[in-house]
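Listed here are the chains, written in short residue letters.
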Amino acid sequence: MKALLLETTDGPEAVRVADVPTPEAQAGEVRVAIKAASMNHREMWIARGLYPGMTLPSTMGCDGAGVVDQVGDGVSGVAVGDEVVIYPGRDWGANRHAPHPAFGLLGMPHPGTIAEYVCVPAENIAPKPKGMSWEEAAATVLTGLTAWRALMFKGQLQPGETVLISGVGGGVATFGLAFAVALGAKVYVTGESQDVLDRAIEMGALGGLLYTDPEWRKQVGKLTGGIDVVLDGAPAPSYANYVRAINPGARIVIYGSTAGDKFEVTATGIFLKSASVVGSQVGDPQDFRDMLAFVDRHAIKPVIETSFPLAEAREALLYLEKQHKFGKVVITV
């Protein structure tokens, strides 16, 4: 089969679409004929070797949707021809608050979805959301799941609360915007350009600030009136700008370190507000089911910026790195 293959850690330029063995469903597994996959910034970091426990060569990608075309021994409740989306992780474990040490994602260390076929445990699949195209379904997986867990499980966002979403335009932040608006929260965003902010306002944000403006910390309190929940994937440059605008009992949810790994936290800024700074990563199978149900109920669809055929998956990764502005980059198979 054809797949996007990572053989070295020399960066996105070194990945290639190649022929690899077609997998066979083992006991307890199903094989999915992929119809669409999508790219995440995770693929860029993996291509540079910035991921623990790297195993090479590896088929890339953790977002996928397609049709079950093979069912392994011992599997029930799944049939060939079922249209499904794939939970992107394996072996989360029983603790809802954090994954088991054995937990891993498709695309590293497990075989990924930017391929013609992938085999996964039968419990990892769920029905494709109604009314979604294959591309939309694939684009919902990792970023939708990450945003859902961060806002709803870790952040405990409630209708009517005020949420600040940093770096809108990225996949997780854009899904977070859609979820928070559908929930009935008051949403404000930061973004890299006025065009990005305008698009977020079209999606339901009440206002936005340019994070490129060194003075945005002076505006955030006046704009929002106080923040109950923060969704932040790049706290190194942003935390100091919004922390004085948080309300008592605020929850600051950090799901990434895109702009650097370290930032300064002032103890009084947290305990005098009875605030919480919590980490969040991906999501467990229950989060996945809850997220898909919410998406179905509110007819939420991802923002897709552009798509590429599987044969041009390398070009898609380079586009994500150098040209991406707002929404998801999708691979059609």
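Please refer to the structure higher up on the page.
Residues numbered from 1 in each chain as written. Predicted model: local features only at pLDDT ≥ 70, side-chain atom pairs only at ≥ 80, totals over all residues. Heavy atoms only, no water.

K.L.:
Quick question: what am I supposed to make of the sheet that holds strand S2 (residues 16-19) here?
P.N.:
Strands belonging to one sheet form pairs held by backbone hydrogen bonds; the direction of such a pair is parallel or antiparallel. Strand order in the open sheet formed by three strands is S2-S1-S4, and the pairing between neighbours is antiparallel. In the strand order of this sheet, the two ends are held by S2 and strand S4 (58-59), each with one partner. (Pairing = 2+ DSSP bridges. Helix = DSSP H or I, 4+ residues; strand = E, 2+ residues; numbered from the N terminus.)

K.L.:
How should I be thinking about the sheet that holds strand S7 (residues 89-90) in this particular structure?
P.N.:
Strand order in the open sheet formed by three strands is S7-S8-S9, and the pairing between neighbours is mixed. Each edge of the open sheet is held by one strand with a lone partner, namely S7 and strand S9 (109-110). Relative to strand S8 (residues 104-106), S7 is paired through two bridges, and the arrangement is antiparallel. Paired with Arg-90 across the strands is Gly-104, a residue of S8.

K.L.:
Looking at this model, I keep getting lost on the packing of helix H3 (residues 141-154) against helix H9 (residues 285-298). Mind explaining?
P.N.:
Relative to each other, H3 and H9 sit at 100°, their axes nearing to 9 Å. Considering the angle they form, H3 stands roughly perpendicular to H9. Touching Val-141, Gly-144, Leu-145, Trp-148, Arg-149 and Phe-153 of H3 are Asp-287, Phe-288, Asp-290, Met-291 and Phe-294, all from H9. A breakdown of the residues in the contact of H3 with H9 according to their chemical character gives seven nonpolar, one polar and three charged. (Axes fitted to C-alpha atoms, helices over the stretch in contact; angles between N-to-C directions. Parallel < 35°, antiparallel > 145°, perpendicular 65-115°, else oblique. Contact = heavy atoms within 4.5 Å. Nonpolar A, V, L, I, M, F, W, Y, C, P; charged D, E, K, R; others polar.)

K.L.:
Looking at this structure, I do not really get the packing of H3 against helix H4 (residues 171-183). What am I missing?
P.N.:
Two numbers describe a pair of packed helices, the interaxial angle and the distance between the axes. Relative orientation of the contacting elements H3 and H4 amounts to 55°, with a least axis distance of 8 Å. Put simply, H3 runs oblique to H4. The handedness of the crossing between H3 and H4 is right-handed. Here Thr-143, Gly-144, Thr-146, Ala-147, Trp-148, Leu-151 and Met-152 of H3 come into contact with H4, specifically with Gly-171, Val-172, Phe-175, Gly-176, Phe-179, Ala-180 and Leu-183. Taken together, the residues of the contact of H3 with H4 sort by class into nine nonpolar, five polar and no charged. (Left-handed = near helix turned anticlockwise from the far one by under 90°.)

K.L.:
Teacher, can you tell me more about the side chain of Arg-42 here?
P.N.:
Checked against the element boundaries, Arg-42 lands in helix H1 (residues 41-47). A distance of 2.5 Å separates a polar side-chain atom of Arg-42 from the backbone oxygen of Met-108. Setting aside its immediate chain neighbours within four residues, Arg-42 contacts Tyr-51, Cys-62, Leu-105, Leu-106, Gly-107, Met-108 and Leu-142. (Polar contact = N/O pair within 3.5 Å; in protein donor to acceptor, adjacent residues only side chain to side chain.)

K.L.:
Mind showing me how you'd approach the environment of Gly-61 here?
P.N.:
For Gly-61, the location among the structural elements is in the loop between S4 and strand S5 (63-71). Each C-alpha atom of the pair Gly-61 and Met-108 lies 7.9 Å from the other, and the pair is 47 residues apart in sequence. With residues up to four places along the chain from it excluded, the contact list for Gly-61 reads Glu-43, Leu-106, Gly-107, Gly-112, Thr-113 and Ile-114.

K.L.:
Explain the nonpolar core here, please?
P.N.:
For soluble globular proteins, nonpolar side chains are generally found buried alongside one another. Among the nonpolar cores identified, the biggest contains 67 residues, and Val-30, Ile-125, Leu-151, Val-163, Phe-179, Val-189 and Phe-288 are the most heavily contacted of them. In terms of residue count, the dominant contributor to this core is H3 (eight residues). With residues up to four places along the chain from it excluded, the contact list for Ile-125 reads Val-30, Val-32, Val-68, Val-78, Val-84, Val-85, Ile-86 and Val-120. Core analysis: the second largest hydrophobic core is formed by 20 residues, Leu-4, Met-44, Ala-47 and Met-60 among them. (Core = buried A, V, L, I, M, F, W, Y, C linked by side-chain atoms within 4.5 Å. Buried < 20%, exposed > 50% of the residue type's maximum accessible area, 1.4 Å probe, protein only.)

K.L.:
Please explain the packing of aromatic side chains as it appears in this structure.
P.N.:
Each aromatic ring pair is specified by the distance between its two centres and by the angle formed by the two planes. Tallied over the entire structure, the rule returns nine aromatic pairs. Considering the side-chain rings of Tyr-239 and Tyr-242, the 5.8 Å spacing of their centres and the 70° angle between planes classify their relative orientation as edge-to-face. Here Tyr-239 pairs with Tyr-242, and both are found in helix H7 (residues 235-242), just three residues apart, close to one helical turn. The aromatic ring of Tyr-117 is capped on one face by Arg-31, whose charged end is 4.8 Å from the ring centroid. Residue placement shows Lys-128 over the ring face of Trp-134; its charged tip is 5.0 Å from the ring centre. (Phe/Tyr/Trp six-rings, centres within 6.5 Å; stacked < 30°, edge-to-face > 60°. Lys NZ or Arg CZ within 6 Å of the ring centre and 35° of its normal.)

K.L.:
What am I meant to see in the side chain of Arg-31 here?
P.N.:
Among the secondary structure elements, Arg-31 is positioned in strand S3 (residues 29-38). Using a relative accessible area of 9% as the deciding quantity, one classes Arg-31 as buried. A distance of 2.9 Å separates the side chain of Arg-31 from the backbone oxygen of Pro-23, its partner in a polar contact. Apart from residues lying up to four places away in sequence, Arg-31 is in contact with Thr-22, Pro-23, Glu-24, Ala-25, Val-67, Val-68, Asp-69, Gln-70, Tyr-117, Val-118 and Cys-119.

K.L.:
Sorry if this is basic, but what is going on with the pattern of salt bridges here?
P.N.:
When the charged atoms of two side chains with opposite charge come close together, those side chains can pair. A full pass over the atoms with the stated rule returns 17 salt bridges. Among the ionic pairs, Asp-284 bridges to Arg-96, the shortest N-O distance being 2.7 Å. Linking Asp-284 in the loop between strand S17 (276-279) and H9 with Arg-96 in the loop between S7 and S8, this pair joins segments that are 188 residues apart in sequence. For Asp-284, a relative accessible area of 4% puts it in the buried group. Relative accessible area serves as the criterion here: at 28%, Arg-96 is assigned to the partly exposed category. In this structure, Glu-136 engages Lys-301 in a salt bridge whose closest nitrogen and oxygen atoms are separated by 3.7 Å. Within this pair, whereas Glu-136 is found in helix H2 (residues 134-138), its partner Lys-301 is found in the loop between H9 and strand S18 (304-309), the two being separated by 165 residues in sequence. Here Glu-136 falls in the buried class, since its relative accessible area comes to 16%. (Salt bridge = Lys/Arg side-chain N within 4 Å of Asp/Glu carboxyl O.)

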